[in-house]
Amino acid sequence: MDTLNFANDPGHVIEADRAHVWHHISQHKVYENIDPRIIVEGRGLRVWDIKGKEHIDAVSGGVWTVNIGYGRERMGRAISDAVTKMCFFGGALGTIPGAQFAEMLIAKMPGLDRVYYANSGSEANEKAFKMVRQISHKHYGGKKSKILYRERDYHGTTIANLSAGGQDERNAQYGPFVPGFVRVPHCLEYRSQDGTLGEEYAANAARAIEDVILAEGADTIGALCLEPITAGGGIIVPPKGYWERVQELCRKYDILLHIDEVVCGLGRTGAWFGYQQFGVQPDIVTMAKGVASGYAAISCCVTTNTVFEMFKDDTDKLSYFRDISTFGGCTAGPAAAIENMRIIEEEDLLGNSTAMGAHLSGNLHALMDKHKWIGDVRGMGLFQGAELVVDRDTKEPLDEKKVQAIVADCMAQGIIIGATNRSLPGFNNTLLFAPSLIATKDDLNQITDAVDQAITRVLG
């Protein structure tokens, strides 16, 4: 890797970044004493910073996005061809890439029918919330407007999405929030609220949702918004039987089921979408990150025709969905998404996610056998977590500073991993792994070897 391909003077780039760039979710005080890290090239699972250091990326671009890996020239060509011919037109009219990708996507999502384009996961979820609210006004006299969300789940950074955010540290200092969003309990069996386990816990966790529905009044609730697997809240795979009961509740009480696939979608769990691992049929599905693997900005809010038809009424001038996403009209996004989906199919990356996910899980369980600090290993496909504790019997969470020290030690070794961060007070203690779906056994072995060394150095 030659940094001169990117800048004749890397020092100038670093200083320009330090002086003018406001980095995401970062405390900038540290940059008074150290250089900001600038990533300049990626190939496969590896990235290089501006100083030439190579890293294995075990978190797909830091936020679980680059599902097909870095450096795909055909992705660049597909985007170039699309934007050269027709770069943009507002989404009130159509484009060829938009129509083609919608058809490809719906073929992977039996029971769903319509694709609304936007440019980020936050925006896609915002569209879904607006649809629910408009349906409430149009069909329920404005009463069925509440949206349920789950503790530990995360749906984005806008004020409305934070209002539906189950991570209190992410929400802190951004209120007051939008009214009408109501929290339901988490479903992390490892931290069972009542001490039950297995299918009994699944039934109780679902019953806790029903308790909220009954307390609020089912006739006031328009939707239940959940991640299929809780992501940043600790990689929580719901216990067996949970999702089936959730589906039953939504049908029983006429509540739309909105599944947020921003992280889990496009192969992350070993299926096209995480909800497909559990046999449920949602009414609304939102997605972003892996849709184009970070090669272009795109998100989608996908609905059934039943939802879509609620907005068709030419006797009411306000009946249609009066929303627009400016950059939902870019052709780069759907053009990249088409090529992304082809690559996933051609290289059987769903199969690789399943097979390599099993290998990664095995490696993490081996570390659990070796290190008393690992209290739980959980996940699905190439989406795994290891929760760190002081004591396995009490399950006291490991101090987050030590968790971050393990992440930093891995970074020093050239391995980029993640951890729950500014999410849950007292529970920012889970290491997170979500490498690109092209990962090999050798890649995964290097990742877990680094974690092994880091835990040994930091914790003994």
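Everything discussed here concerns the structure shown above.
These remarks concern the structure in this document. Per chain, the residues get numbers from 1 upward, laid out in the order the sequence is written. At least 70 in pLDDT is required for a residue's local features to be given in this predicted model, at least 80 for side-chain atom pairs to be given and counted, and no such filter applies to totals for whole chains, interfaces and linings, which use all residues. Water and hydrogen atoms play no part in the side-chain values, which are based on all heavy atoms of the structure.

## Examining the sheet that holds strand 10 (residues 299–303)
Hydrogen bonds between backbone atoms are what pair the strands of a sheet, whose relative direction is either parallel or antiparallel. A pair of strands is labelled paired if DSSP reports no fewer than 2 bridges between them. Each helix corresponds to a stretch of at least 4 residues labelled H or I by DSSP, and each strand to a stretch of at least 2 residues labelled E; elements are numbered beginning at the N terminus. Reading across the sheet, the seven strands line up as 4-10-9-8-7-5-6 and stay open at both edges, with mixed pairing between neighbours. Bordering the open sheet on either side are strand 4 (114–118) and strand 6 (181–184), each of which pairs with just one other strand. The mean inter-strand angle of the sheet, taken between neighbouring strand axes irrespective of direction, is 20°. In this structure, strand 5 (residues 146–150) lies alongside strand 7 (residues 221–226), joined through four bridges in parallel fashion. Opposite Leu148, over in strand 7, you have Leu224 as the bridge partner. Think of each axis as a best-fit line through the C-alpha atoms, taken over the contacting stretch in the case of a helix, with angles from 0 to 180 degrees between the N-to-C directions.

## A closer look at the pairing of strand 11 (residues 374–379)
Remark: exposure states derive from per-residue accessible area (1.4 Å probe, protein chains only) relative to the maximum for the residue type, with buried under 20%, exposed over 50%, and partly exposed in between. Most of strand 11 sits out of view: five of its six residues are buried. Of the strand pairs in this sheet, strand 11 and strand 12 (residues 384–391) are connected by five bridges, and their pairing is antiparallel. Following the sheet pairing, Arg378 is matched in strand 12 by Gly385. The hairpin formed by strand 11 and strand 12 contains four residues between the paired strands, and Gly381 there has a positive phi angle of roughly 60°.

## Details of the packing of aromatic side chains
Each aromatic pair joins two rings of Phe, Tyr and Trp (for Trp, the six-membered one) with centres within 6.5 Å, and gets the label stacked for planes under 30 degrees apart, edge-to-face for over 60, and tilted for any other angle. This model, assessed by the stated rule, comprises seven aromatic pairs. Between Tyr116 and Phe321, the ring centres sit 5.4 Å apart and the planes meet at 70°, which makes this aromatic pair edge-to-face. Here Phe321 lies in the loop between helix 10 (305–309) and helix 11 (332–346) and Tyr116 lies in strand 4, a separation of 205 residues in the sequence. For Phe321, a relative accessible area of 14% puts it in the buried group. Through successive ring pairs, a cluster of aromatic residues spans Tyr116, Phe311 and Phe321. Our definition puts a charge over a ring when NZ of Lys or CZ of Arg is within 6 Å of the ring centre and also within 35 degrees of the ring normal. Over the aromatic face of Tyr140 sits the side chain of Lys144, whose NZ or CZ is 5.9 Å from the ring centroid. The ring of Tyr154 carries the charged tip of Arg170 above its face, separated from the ring centre by 5.1 Å.

## Comments concerning the layout of surface pockets
Think of a 1 Å grid over the protein atoms and nothing else: a 1.4 Å probe that fits but is trapped marks a cavity, an open set flanked by protein within 12 Å on at least five of seven lines marks a pocket, and residues with an atom within 4 Å of a point count as lining. Grid points are joined across faces, edges and corners, and a volume is the space filled by probe spheres set on the points. Approximately 810 Å³ is the volume found for the second largest pocket. Surrounding the second largest pocket, 30 residues form its lining, Gly91, Val115, Tyr116, Tyr117 and Phe308 being those nearest its centre. Put simply, the parts of the chain that give the lining of the second largest pocket at least two residues each are helix 4 (96–107), strand 4, strand 10 and helix 10. The biggest single contributor to the lining of the second largest pocket is strand 4, with four residues. Classification convention: Asp, Glu, Lys, Arg as charged; Ala, Val, Leu, Ile, Met, Phe, Trp, Tyr, Cys, Pro as nonpolar; all other residues, Gly among them, as polar. Residues belonging to the lining of the second largest pocket are distributed by class as follows: 18 nonpolar, eight polar and four charged.

As far as function goes, none of this settles anything; it's purely spatial.
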